[in-house]
Amino acid sequence: MSVKGSTALVRLAGNPDCEILGAMVLQEGSEKRFYERVVGVPYDREFGERQSSKRRGAQFERNAYAGDARLLREAFGPILGIDPDYLTVRNLLDDYPGSKDDARIARLRITRGILGDALAGRPAPDIIVQPQLLLPTRPGPKPYFFIAPDLMVRSPGTSIYLPGDLKSFIVRENEVAASDLARVRLQLGAQLLALRHEYDRLDPSIVVPPSGILLFSKPNGLAPHAPRIEDIAGAIEAVRIGVAAFLRHREKVNGLRAGAEPYTVVADLQPHFKDACLSSCVMAQWCRQRVAGLPADMGDVAGNVLTGMTMDRLIDLMAGVAAPGDAHEEVVASHLRSLAGQHSVGRAA
Ligand code: SF4
């Protein structure tokens, strides 16, 4: 699968300084293919979501949408204050299934119609399943990101919809690991920015609150927990930074490639290797080699604190064979010598 839509924006939000991600988003084809073209050898590691997780996610969605989305209606009835039997649902996959661009554009057209109907007081569903949104980045190649929340739910008080996602990780008591929550909040952030874009087209005075909905799976039976309404103001800001980073990287890639394919200019782009790369990016091993001998290879904290220094320089400072060149190196050298003393590392001079 290529890096597209909210996945790409979540990656860029988490690592806006990585220019290679910009090329990866612009390149046609899968992430693995990108690796193979850049590195010149087949990708031979496991990558991407496990098959068992995919199956679990698909089953959770099937359960949630079955029977006119009975489980969704039962989950949302109490927080909307409406009897689940009276909640109305429209599943856009029933109209235009699939993930091809034609189907997405058809679902986008319906989604826009529903948003307009709700604002105008015409009949509109309480829950839209598989709506389609987009976030424009024109002019330029890749002029928009398709963004697809799993659902949007209409607030009874305002007729404004909020985006939401179904998450099938196993959670107990609706509590989620911080790292998982941060990632899914970023996904909601991308969805909310795209939704704001749609409302802005209809009426620029509309204010969509910075909230999104998460629906986690119960450990047994794949039924949903009660919906969680998340404050995603911080995530929205992070995704904005990710979009701005994409625009910057796109300009640089386009300037360098002169009409050639984006992967051809990767050697002239700057990676920004972080701990999270190892579990999230197909290029991780290749980028890690590019920081070999630099503090970033020891982790995010070392990379941030020791920016601009090399491992050889640090060893020389610790051993006392090099004199600190500035106040920052003075502090670093002092800490390193103290650590060396605690751990009985001998001084060379
Ligand atoms: S592994 Fe490389 S390309 Fe991927 S996000 Fe990290 S620095 Fe960027």
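Residues numbered from 1 in each chain as written. Predicted model: local features only at pLDDT ≥ 70, side-chain atom pairs only at ≥ 80, totals over all residues.

This part is about the overall build of the protein chain. A tally of regular secondary structure across the protein chain gives 13 helices and eight strands. Dimensions of the protein chain along its principal axes, counting C-alpha atoms only, are 80 × 50 × 45 Å. Looking at the protein chain residue by residue over its 349 residues, the buried ones come to 36%. Within the protein chain, contacts between residues at least 6 apart in sequence are counted, and of these 61% link residues at least 24 apart. (Helix = DSSP H or I, 4+ residues; strand = E, 2+ residues; numbered from the N terminus. Buried ≥ 20, exposed ≤ 12 C-beta atoms within 10 Å, placed from the backbone. Contact = placed C-beta atoms within 7 Å.)

The subject of this paragraph is the domain arrangement of the protein chain. When the domains of the protein chain are assigned, the result is domain 1 (1–278) and domain 2 (291–342). Placing a centre on the C-alpha atoms of domain 1 and another on those of domain 2 gives a separation of 41 Å. (Domains from an automatic or database assignment.)

So, about the site of the ligand. Around the ligand, a shell composed of Asn 15, Cys 18, Ile 20, Leu 21, Pro 271, His 272, Phe 273, Cys 277, Cys 281, Met 283, Ala 284 and Cys 287 is seen. Breaking the shell around the ligand down by element, the ones donating at least two residues are α2 (19–26) and α10 (284–290). Broken down by class, the residue content of the shell around the ligand amounts to ten nonpolar, two polar and no charged. (Near = placed C-beta within 6 Å. Nonpolar A, V, L, I, M, F, W, Y, C, P; charged D, E, K, R; others polar.)

Moving on to helix α12 (residues 311–319). For α12, every residue scored as buried is listed here: Leu 314, Leu 317 and Met 318. Each buried residue of α12 sits inside an arc of 100 degrees when the element is viewed along its axis, so together they form one side. Lining the buried residues of α12 we find α13 (327–342). Backbone geometry just downstream of α12 places Gly 320 in the positive-phi region, at approximately 80 degrees. (Arc of directions from axis to C-beta.)

For the rest of this paragraph, the subject is helix α6 (residues 101–120). Taking 1.5 Å of rise per residue, the 20 residues of α6 would be expected to cover 28 Å, and the 28 Å separating its terminal C-alpha atoms lies within 8% of that figure. Residues Arg 104, Arg 107, Leu 108, Thr 111, Ile 114, Leu 115 and Ala 118 constitute the buried set of α6. Seen along its axis, α6 keeps its buried residues to an arc of 130 degrees; they face one direction. Within α6, the exposed residues directed more than 90 degrees away from the buried face are Asp 102, Gly 113 and Ala 120. (Expected span 1.5 Å × (residues − 1).)

The next subject is the environment of Gln 191. Structurally, the position occupied by Gln 191 is in helix α7 (residues 178–202). Residue classification places Gln 191 among the buried positions, given that 31 C-beta atoms sit within 10 Å. When sequence neighbours within four positions are dropped, the list of residues in contact with Gln 191 reads Ser 6, Leu 133, Ile 147, Pro 149, Pro 163 and Gly 212.

The nonpolar side chains of soluble globular proteins are, as a tendency, buried together. With 74 residues, the main nonpolar core has Leu 9, Ile 127, Ile 128, Val 153, Ala 190 and Val 239 as its most contacted residues. Each residue touching Ile 127, except ones within four places of it in the same chain, is listed here: Ala 69, Leu 72, Phe 76, Leu 87, Val 89, Leu 151 and Val 153. Leu 314, Met 318, Val 332 and Leu 336 belong to the second largest nonpolar core, which has seven residues in total. (Core = buried A, V, L, I, M, F, W, Y, C linked by C-beta atoms within 7 Å.)

Time to look at the pairing of strand β5 (residues 151–154). The alternating pattern of β5 places Leu 151 and Val 153 and Met 152 and Arg 154 on opposite faces, both of which are buried. Here strand β2 (residues 127–129) pairs with β5 via three bridges, running antiparallel. The partner of Ile 128 across the bridge, within β5, is Met 152. (Pairing = 2+ DSSP bridges.)

Relative orientation of the contacting elements α12 and α13 amounts to 65 degrees, with a least axis distance of 8 Å. Comparing the axis directions of α12 and α13 gives the class roughly perpendicular. The handedness of the crossing between α12 and α13 is right-handed. Between α12, through Leu 314, Leu 317 and Met 318, and α13, the contact on the second element is made entirely by Glu 329, Val 332, Ala 333, Leu 336, Arg 337 and Ala 340. Residues that form the contact of α12 with α13 fall into these classes: seven nonpolar, no polar and two charged. (Axes fitted to C-alpha atoms, helices over the stretch in contact; angles between N-to-C directions. Parallel < 35°, antiparallel > 145°, perpendicular 65-115°, else oblique. Left-handed = near helix turned anticlockwise from the far one by under 90°.)

Let's shift gears to unusual backbone geometry. The omega angle of the peptide bond from Arg 138 to Pro 139 is 0 degrees, so this bond is cis rather than trans. With respect to the helices and strands, Pro 139 occurs in the loop between β3 (133–136) and β4 (144–147). For Ala 69, which is not a glycine, the phi torsion comes out positive at approximately 55 degrees. By the secondary structure assignment, Ala 69 is in helix α4 (residues 51–80). With a phi angle near 50 degrees, Lys 142 is a residue other than glycine that sits in the positive phi range. In this structure, Lys 142 sits in the loop between β3 and β4. With 16 C-beta atoms packed within 10 Å, Lys 142 lands in the partly exposed category.

Moving on: the environment of Arg 183. Positionally, Arg 183 belongs in helix α7. According to the C-beta neighbour criterion, Arg 183 is partly exposed, with 18 such atoms within 10 Å. Along the backbone, Arg 183 and Ser 6 are 177 residues apart, and their C-alpha atoms lie at a distance of 11 Å.

This paragraph deals with the packing of α6 against α7. Two elements in contact, α6 and α7, have axes whose closest approach is 11 Å; the angle formed by their N-to-C orientations is 60 degrees. Judged by the inter-axis angle, α6 sits oblique to α7. Of the two elements, α6 crosses α7, and the hand of that crossing is right-handed. Residues Arg 112, Leu 115, Gly 116 and Leu 119 of α6 lie in contact with α7, whose contacting residues are Glu 198, Tyr 199 and Leu 202. The class makeup of the residues in the contact of α6 with α7 is four nonpolar, one polar and two charged.

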